[in-house]
Amino acid sequence: MTTIPKHLIAHPHRGLPGFVRGAILTASRGGADGYRQAGYTLGRHIDAESPDTCENDEWHEILRDVEELLLPDPPLLAQWIGTTYPRIWQQVPPRRREQFIEGVRQGYVDHAAA
């Protein structure tokens with residue numbers, strides 16, 4: 001089993017951003033795109049959702065490594081999201097996490113292409 005490099009999990013995010021909380025609430029109520037849309041929302045804004053203990057430059061370096069090492073591997077990306085954003089991950093039902101990660105991946109890619 002592949003593991004996430006230690007430098008990518010050094011800083012957990014302690015919050016639950018309102019825009020992500022709202023997207024998860026909508027998904028929980030049967031929103032059209034479900035948890036995929038909630039994940040997409042996080043993926044589009046992940047560069048601005050750095051942990052408080054992480055400097056901006058360090059966060060952007062981490063995201064470059066996440067893009068290269070984890071984005072192509074959904075299970076590893078899920079592990080990283082769960083470790084880096086534990087309060088968000090707790091809000092996503094286990095049976096919907098795969099859908100959520102698909103959204104994170106697509107949101108990240110779309111934002112990077114913009």
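Structural data are supplied above this passage.
What you see is a predicted model; the values in this text were computed from it and never measured.

> I keep staring at helix 3 (residues 56-70) and nothing clicks. Help me out?
A turn of α-helix holds 3.6 residues, and therefore any two residues three or four places apart point the same way. In this model helix 3 runs 20 Å from its N-terminal to its C-terminal C-alpha over 15 residues, within 8% of the 21 Å that 1.5 Å per residue would give. Of all the positions in helix 3, only Trp 59, Ile 62, Leu 63, Val 66 and Leu 70 are classed as buried. End-on, the buried residues of helix 3 take up no more than an arc of 100°, which puts them together on one face. The exposed residues of helix 3 that point more than 90 degrees off its buried face are Asp 57 and Glu 68.

> Which parts of the structure should I look at to understand the side chain of Glu 49?
Residue placement: Glu 49 occurs in the loop between helix 2 (34-45) and helix 3. Here Glu 49 occupies a buried position and makes no salt bridge, while the nearest side chain of opposite charge, Arg 87, is found at 10 Å. At 3.2 Å, the side chain of Glu 49 forms a polar contact with the side chain of His 13. Not counting the four nearest positions on each side in its chain, Glu 49 is found in contact with His 13, Pro 17, Phe 19, Trp 59 and Tyr 85.

> Please clarify how helix 1 (residues 18-28) should be interpreted in this entry.
Along helix 1, the residues that are buried comprise Val 20, Ala 23, Ile 24 and Ala 27. Seen end-on, helix 1 carries its buried residues on one side only, within an arc spanning 100°. Contacts made by the buried residues of helix 1 are with helix 2 and helix 5 (86-91). Looking one or two residues beyond helix 1, the residue adopting positive phi is Gly 30, at roughly 90°.

> Quick question: what am I supposed to make of the packing of aromatic side chains here?
The description of an aromatic ring pair rests on the distance of the ring centres and on the angle between the ring planes. Here the structure, examined in full by the defined rule, presents four aromatic pairs. Judged by centre distance (6.0 Å) and plane angle (25°), the ring pair of Trp 59 and Trp 80 falls under stacked. In this pair, Trp 59 is assigned in helix 3 and Trp 80 in helix 4 (residues 74-84), connecting sequence segments 21 residues apart. A relative accessible area of 1% places Trp 59 in the buried class. Considering the side-chain rings of Trp 59 and Tyr 85, the 6.5 Å spacing of their centres and the 85° angle between planes classify their relative orientation as edge-to-face. Placement of the pair is Trp 59 in helix 3 and Tyr 85 in the loop between helix 4 and helix 5, with a sequence separation of 26 residues. With respect to burial, Trp 59 and Tyr 85 carry one shared label: buried. Through a chain of ring-to-ring contacts, three or more aromatic side chains come together here, namely Trp 59, Trp 80 and Tyr 85.

> Just to check I follow, could you spell out the packing of helix 1 against helix 2 for this structure?
The angle between the axes and the distance between the axes are what describe a pair of packed helices. Contact geometry of helix 1 with helix 2 gives a least axis separation of 7 Å together with a crossing angle of 170°. As judged from the angle between their axes, helix 1 and helix 2 are roughly antiparallel. Here Phe 19, Val 20, Ala 23, Ile 24, Ala 27 and Ser 28 of helix 1 lie close against helix 2, whose contacting residues are Gly 34, Tyr 35, Ala 38, Thr 41, Leu 42 and His 45. A per-class count over the contact of helix 1 with helix 2 returns eight nonpolar, four polar and no charged.

The rules behind each value
- Residues numbered from 1 in each chain as written.
- Predicted model: local features only at pLDDT ≥ 70, side-chain atom pairs only at ≥ 80, totals over all residues.
- Heavy atoms only, no water.
- Helix = DSSP H or I, 4+ residues; strand = E, 2+ residues; numbered from the N terminus.
- Expected span 1.5 Å × (residues − 1).
- Buried < 20%, exposed > 50% of the residue type's maximum accessible area, 1.4 Å probe, protein only.
- Arc of directions from axis to C-beta.
- Lys, Arg positive; Asp, Glu negative; His and termini not counted.
- Salt bridge = Lys/Arg side-chain N within 4 Å of Asp/Glu carboxyl O.
- Polar contact = N/O pair within 3.5 Å; in protein donor to acceptor, adjacent residues only side chain to side chain.
- Contact = heavy atoms within 4.5 Å.
- Phe/Tyr/Trp six-rings, centres within 6.5 Å; stacked < 30°, edge-to-face > 60°.
- Axes fitted to C-alpha atoms, helices over the stretch in contact; angles between N-to-C directions.
- Parallel < 35°, antiparallel > 145°, perpendicular 65-115°, else oblique.
- Nonpolar A, V, L, I, M, F, W, Y, C, P; charged D, E, K, R; others polar.

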